[in-house]
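Fold and geometry: a report
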Amino acid sequence: MSYKAFHERSIKDPDGFWGDQAKLIHWEKPFKKVLEYSNPPFAKWFEGGQTNLCYNAVDRHLADRADQVALVSVSTETNQERAFTFKELYSEVNRMAAILKANGVQKGDRVLIYMPMIAEACFAMLACARIGAIHSVVFGGFASHSLASRIDDAKPKMIITAEAGARGGKAVPYKPLLDEAIELATVKPEKVLLVNRGLTEYTTIQGRDLDYAAERQKHLDDLVPVEWVDSTHISYILYTSGTTGKPKGVQRDTGGYAVALAASMKHIFCGNPGETMFTTSDIGWVVGHSYIIYAPLINGMATIMYEGTPLRPDAGIWWQLVEKYKVSVMFSAPTAIRVLKKQDPAFLTKYDLSSLRALFLAGEPLDEPTASWIHGAINKPVVDNYWQTETGWPMLAIQRGVEVMPHKFGSPGVPSFGYNMKLLDDSTGVELGANEKGVIAIEGPLPPGCMQTVWGDDKRFVSTYWETIPGKLIYSTFDWGIKDDDGYFFILGRTDDVINVAGHRLGTREIEESISSHPNVSEIAVVGIEDKLKGQVAIGFAIPKDAGKVDTLEAELMKTVDTQLGAIARPARVYIVTALPKTRSGKIVRRALQAVAEGRDPGDISTMEDQAVLAQIKTIIEENPVKS
Ligand code: PRX
């Protein structure tokens, strides 16, 4: 079937199309209805059906591939490589599930996972799914304030953690940050289960903290039956940034997600059971949820979890793993490729990459030089794909399993099956034609696998995502885009204050709120500016309360962000200024700040109250440029 016919059917006949895709997973109880959309924009997929993500990822493969490797956990930080067959993974997940149950975790309870990239994190996610508990993984790079706000929102019964992660050869303590976060949070978890990796010392809180190794010993032979849950049962919450300072809990179902992931493995990623997938992301991000953990395992593939940088012990490490584990599907981000591009190209040609069929890249714009370089270096298709935490799987891609359409540089391709994508004029809501810039939107229903709602806040789901385009109930991606005559989309940046640093999505308002907490800050604006390596970096402009005390202020503000949000959110610079460009009504004109910082013309600034402010800021930046 051609891509065109395939996509058309998915939109015109969702029941037939998704009914077919649903056969890719196991249903304990068949669903009664493919799509229930009587209450837009809330879509319910496969109502009446019962299934389980853990069963589909693990148990289902025991009959055919019990002794096949399911998970390889590689750490170039601790020099450990651990492989688990499906049978071994099954045992570990059962032990973890038994620990959860023994400590009172039940179906529907939340379990927050704050862990580095180690096998136990995978066991924890699958164990939650097994018993119908809802996991909420928080990226290990986030610090205590970020963690505390997520604890308060998700109200977890238990938190699973490790005492430390590791990066660039140094241990990164997790436990003190977690203790501080729990201290800050108003809702306290009953238990903290800690995997002790022997990397750092830590303090144990009696009665609350449990040692994983000791607990595991108690449950070595336990088997925990799968909890069959409704297709619409919440599998997880994953927080992501938006326009406000408060992160949104993206809530996902079970059945729709499993079907969407299985379908995407078949039609987009083209991975086959028995093969290996290597996704270089982190379980703290959506790419990690979907393509490190669930999709490869659901599809009977081995997955590689990697802790470390792409450069240690040398820049050949990822390709060495491709050779060693005969990786056939690899998934990374443009920033990582730009990092590798700076290294000796010999690292890439040194290893046998014959098993690899394609390299998938997502999370940020893929620039032409990077795409051409990596394509030339590995001589495999490089498949850009565009999506969001909210959608859970690609919205735009060349769907090689359907039809191998030509790639176009700078474009992630065409709408994936199930996505009815539109380009709209942001002020009139009118649908635009080819070669006109507009907001990328999706006509409801969102396909299976996409967010169900914002955790605990249906109103926010509707108002944030569905009511931004005048006169229409339609999902906004908050990305600008353009479509060419062949229907290929090009992404032109965000319409909101979300920035993308090294493929990591950050909200500038969260950074502003953190900086504002410093006693000597009266006003702050944070914007994202272009960066050759990371795509974007954040920079701040702060007005001090006491202009006499600014010698160390920039460093103090960076430290504030480090300790509250994590180093990942630290701006590249915070300029200390005396005024910010504002409209007459007092709104900070962030767009003008961004333009000036990027060395561009700020455009029409006639609405600005004091036009000299921008000129002053321009001089300050020119005298102290942002270093890449
Ligand atoms: O702005 C788009 C950008 O990343 C945002 C979503 O980030 P996140 O929620 O972290 O999910 C990443 C999942 C891969 C989008 O709104 N983005 C993502 N992929 C691309 C992209 N921008 C350009 N090209 C892409 N391929």
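What counts, and where the lines are drawn
- Residues numbered from 1 in each chain as written.
- Predicted model: local features only at pLDDT ≥ 70, side-chain atom pairs only at ≥ 80, totals over all residues.
- Heavy atoms only, no water.
- Domains from an automatic or database assignment.
- Buried area = accessible area lost by both parts, 1.4 Å probe.
- Salt bridge = Lys/Arg side-chain N within 4 Å of Asp/Glu carboxyl O.
- Polar contact = N/O pair within 3.5 Å; in protein donor to acceptor, adjacent residues only side chain to side chain.
- Helix = DSSP H or I, 4+ residues; strand = E, 2+ residues; numbered from the N terminus.
- Axes fitted to C-alpha atoms, helices over the stretch in contact; angles between N-to-C directions.
- Parallel < 35°, antiparallel > 145°, perpendicular 65-115°, else oblique.
- Contact = heavy atoms within 4.5 Å.
- Nonpolar A, V, L, I, M, F, W, Y, C, P; charged D, E, K, R; others polar.
- Buried < 20%, exposed > 50% of the residue type's maximum accessible area, 1.4 Å probe, protein only.
- Arc of directions from axis to C-beta.
- Pairing = 2+ DSSP bridges.

Moving on to the domain arrangement of the chain. For the chain, the assigned domains are domain 1 (3-477) and domain 2 (502-623). For domain 1 and domain 2, the distance between their C-alpha centroids amounts to 32 Å. Contact with domain 2 buries area across many residues of domain 1, yet Ser241, Gly245 and Trp285 alone supply 27% of it, more than any other trio. As a salt-bridge pair, Arg505 and Glu390 come within 2.9 Å of each other at their nearest N and O atoms. The interface formed by domain 1 and domain 2 includes 13 residue pairs in polar contact (both at pLDDT 80 or more). Among the secondary structure elements, those contributing two or more residues to the side of domain 1 that touches domain 2 are helix H7 (144-154) and helix H13 (334-341). Sorting elements by how many residues they give to the side of domain 1 that touches domain 2 places H7 first, with four residues.

As a further point, take the packing of helix H10 (residues 255-269) against helix H11 (residues 286-298). As a packed pair, H10 and H11 sit with axes 9 Å apart at the nearest point and diverge in direction by 85°. With respect to H11, the element H10 is oriented roughly perpendicular. Contacts from Tyr257, Ala258, Leu261, Ala262, Ser264, Met265 and Phe269 of H10 reach H11 at His289, Ser290, Tyr291, Tyr294, Ala295, Pro296 and Ile298. In terms of residue class, the contact of H10 with H11 is made up of 11 nonpolar, three polar and no charged.

The subject of this paragraph is helix H1 (residues 3-12). Regarding H1, the residues found buried are Tyr3, Phe6, His7 and Ser10. One side of H1 carries all its buried residues, which in axial view fall inside an arc of 90°. Turned more than 90 degrees away from the buried face of H1, the exposed residues are Lys4 and Lys12. Contacts made by the buried residues of H1 are with helix H2 (14-21), H10 and strand S22 (414-415).

Remark on secondary structure: sheet strands pair via backbone hydrogen bonds, oriented parallel or antiparallel. With respect to topology, four strands assemble into an open sheet ordered S23-S24-S26-S27, the strand pairing being antiparallel. The sheet terminates laterally at strand S23 (420-424) and strand S27 (489-494), the two strands that pair on one side only. Averaged over all neighbouring strand pairs, the angle between strand axes comes to 45°, with direction disregarded. In terms of strand pairing, strand S24 (residues 438-443) meets strand S26 (residues 475-483) through four bridges, oriented antiparallel. Each bridged residue has a counterpart across the sheet, and for Ala441 the counterpart in S26 is Ser476. Against the sheet, helix H16 (residues 458-466) contacts S24 and S26, and its axis sits at roughly 15° relative to S26.

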